[in-house]
Amino acid sequence: MNTENNILLVTDNSIVSDLIKNKLLLLRNIDKFSAAKYEKAFSVIKKEKPCIVFYYLDKGKKRETEFINFINKIHQNEDLIQCQIIPVFSKQNDDMLCNAFELGISDFINIKSTDTEFTLRVLWALQKKEMQKNIETKKQILAQLDIVDTENGLYTKNYINKIIKTKSEHAKGAFAAVAPDVNTRNILSPKHLASIIKKNIRTTDIIGFSNDFKLYLWLDKTKAKDTTTIFSKIKNELPKNCTISAGIVEINDTPFEEAEKQANKFLAKALLKGNSFLVARTHPVSETVTPKQQKPIIKNFKLFKQAFHKKIECIVAPLFYQTQKRIEEKLFKTSIQYKTEENECYFMLENEEKKSIFELSYPGYTKINIDISHEKEYENISNKRLSLDISEMTTTKLGALLDCFIKEFQNKIF
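What counts and what doesn't
Residues numbered from 1 in each chain as written. Predicted model: local features only at pLDDT ≥ 70, side-chain atom pairs only at ≥ 80, totals over all residues. Heavy atoms only, no water. Core = buried A, V, L, I, M, F, W, Y, C linked by side-chain atoms within 4.5 Å. Buried < 20%, exposed > 50% of the residue type's maximum accessible area, 1.4 Å probe, protein only. Helix = DSSP H or I, 4+ residues; strand = E, 2+ residues; numbered from the N terminus. Contact = heavy atoms within 4.5 Å. Phe/Tyr/Trp six-rings, centres within 6.5 Å; stacked < 30°, edge-to-face > 60°. Lys NZ or Arg CZ within 6 Å of the ring centre and 35° of its normal. Salt bridge = Lys/Arg side-chain N within 4 Å of Asp/Glu carboxyl O. Pairing = 2+ DSSP bridges. Axes fitted to C-alpha atoms, helices over the stretch in contact; angles between N-to-C directions. pLDDT = per-residue confidence, 0-100.

J.: For the nonpolar core, give the residues involved together with the corresponding values.
T.: One finds Ile248, Phe347, Phe358 and Leu360 to be the most contacted residues of the largest nonpolar core, which totals 56 residues. The dominant element in this core, judged by the number of residues it contributes, is helix H11 (residues 301-327), at nine residues. Ignoring any residue separated from it by four or fewer positions in sequence, one finds Ile248 in contact with Ala174, Phe175, Ala176, Ala224, Thr227, Phe231, Phe277, Leu278, Val279, Ala280 and Tyr321. Judged by nonpolar contacts, the second largest core, of 41 residues, contains Leu9, Val10, Phe33 and Leu57.

This is the structure we're talking about:
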């Protein structure tokens, strides 16, 4: 760490300037302190390149808006990207503080805080600056070795497979092959898409370039069914008239090579359909019904329960997810929800007029119950129960029943 650190305060108030200067230098007399007025702050910062900038907020919403614009200007300048920005509040606005945090402020403090608190804020900011500097140095080394892309820090196609494979061998998560749809590739490049995805995933997630237009994405400790929320968020931030598709597979103990094959297979299907996110199964369950399968003898309830849950995981969950994505734009002003948990398994459609539920349960050793109900204005219009052998729980059979259920919901009778 440098023996001298340049600290700058932005304020027009000389009394505040003297107050903060005394607080900071009381215990940190190795630091250089200076102040700049709001109007000239950015030009002063560009010239002096301080390590830390304290910005005093004293005039309500007007000053807060100026501060947000100030953060954006600082971070758009490559020479100032490691500058640590700390707002000083006279009266704290939590909404503005959250916005500033998302834009990258280092910390925040109240003007009435003690000398020690101000000093600790400086120390933490300087530590963070040194950490960022070390990270940037390592990124440069990785870029020189062609492990990461020089422009955006994403893993290159030569290494993304190795990185995700290593990660998947030590952790559970979801793997996705993502690409812009064919009709939008002249507008949405893989690098542009990668920058959007990167903003909407966690630091523990991994993203990199594959061949052609594809990106590979590892979502740490994430179930395949939970990727819907992430991809919906990404979808909302795409440029106008741009769409993407993805093949998704959950990796537990599955070899990466198999997961990659399945994800690419389902990406191909999704691209043919367009604007689709399809979940693959790494261990497909056979849907061929043999004479022995027609009447399975499962004498132990625990074994039956395990068999049912396996069907839920491998058949019902992907079916519910794919059905939701397929119909969500077709059913106007309709909430589509589903659950595939141990104690609850249902697919529900609801709007202002009606509510319909497709629910699965296992009351016996060999049968699965499917309860279908339609309600209108809190009155049951229709109820029916179907019973299936566990061997009949196939994608084809359940898909047909679910489609029938959706048509009933759309029927004006209900």
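J.: Can you lay out the packing of aromatic side chains for me, pointing to particular residues and giving the numbers?
T.: Counted under the stated rule, the structure contains 13 aromatic pairs. Here Phe175 and Phe256 contribute two aromatic rings whose centre-to-centre distance is 5.3 Å and whose plane-to-plane angle is 70 degrees, an arrangement assigned as edge-to-face. Within this pair, whereas Phe175 is found in strand S6 (residues 173-180), its partner Phe256 is found in helix H9 (residues 256-273), the two being separated by 81 residues in sequence. In this structure, Phe175 and Phe256 share a single accessibility class: buried. Through successive ring pairs, a cluster of aromatic residues spans Phe320, Tyr338, Phe347, Phe358 and Phe405. Taking the ring centre of Tyr38 as reference, the NZ or CZ of Arg63 above it sits at 3.5 Å. Arg185 extends its terminal NZ or CZ atom over the ring of Phe213, reaching a point 4.5 Å from the ring centre.

J.: Explain the pattern of salt bridges residue by residue, including any values.
T.: Under the criterion given, the structure shown has 11 salt bridges. Of the charged contacts, one joins Asp58 and Arg63 as a salt bridge, the two residues approaching to 2.9 Å between their closest N and O atoms. According to the relative accessible area criterion, Asp58 is partly exposed, its value standing at 29%. The class for Arg63 is buried, based on a relative accessible area of 7%. Lys325 is paired through a salt bridge with Glu328; the nearest N and O atoms lie 2.9 Å apart. Overall, Glu328 belongs to the partly exposed group, its relative accessible area being 30%.

J.: Break down the sheet that holds strand S2 (residues 32-36) for me, with residues and values.
T.: Overall, parallel pairing links the five strands, which are arranged S2-S1-S3-S4-S5 in an open sheet. Of all strands in the sheet, those bounded by a partner on one side alone are S2 and strand S5 (109-110). Inspection of the sheet shows strand S3 (residues 52-57) paired to strand S4 (residues 84-89) by six bridges, in the parallel sense. Bridging from a neighbouring strand, Val53 pairs with Ile85 of S4. Along the sheet, helix H3 (residues 60-75) makes contact with S3 and S4, crossing S3 at roughly 165 degrees.

J.: Can you lay out the confidence of the model for the protein chain for me, pointing to particular residues and giving the numbers?
T.: Looking at the protein chain, pLDDT values average 83 and 88% of them are 70 or higher. Per-element mean pLDDT across the protein chain ranges from 40 in helix H10 (residues 291-294) up to 94 in S3. Of the regions scoring below 50 in pLDDT, residues 283-299 engages in 24 contacts with residues more than four places distant in sequence or in other chains.

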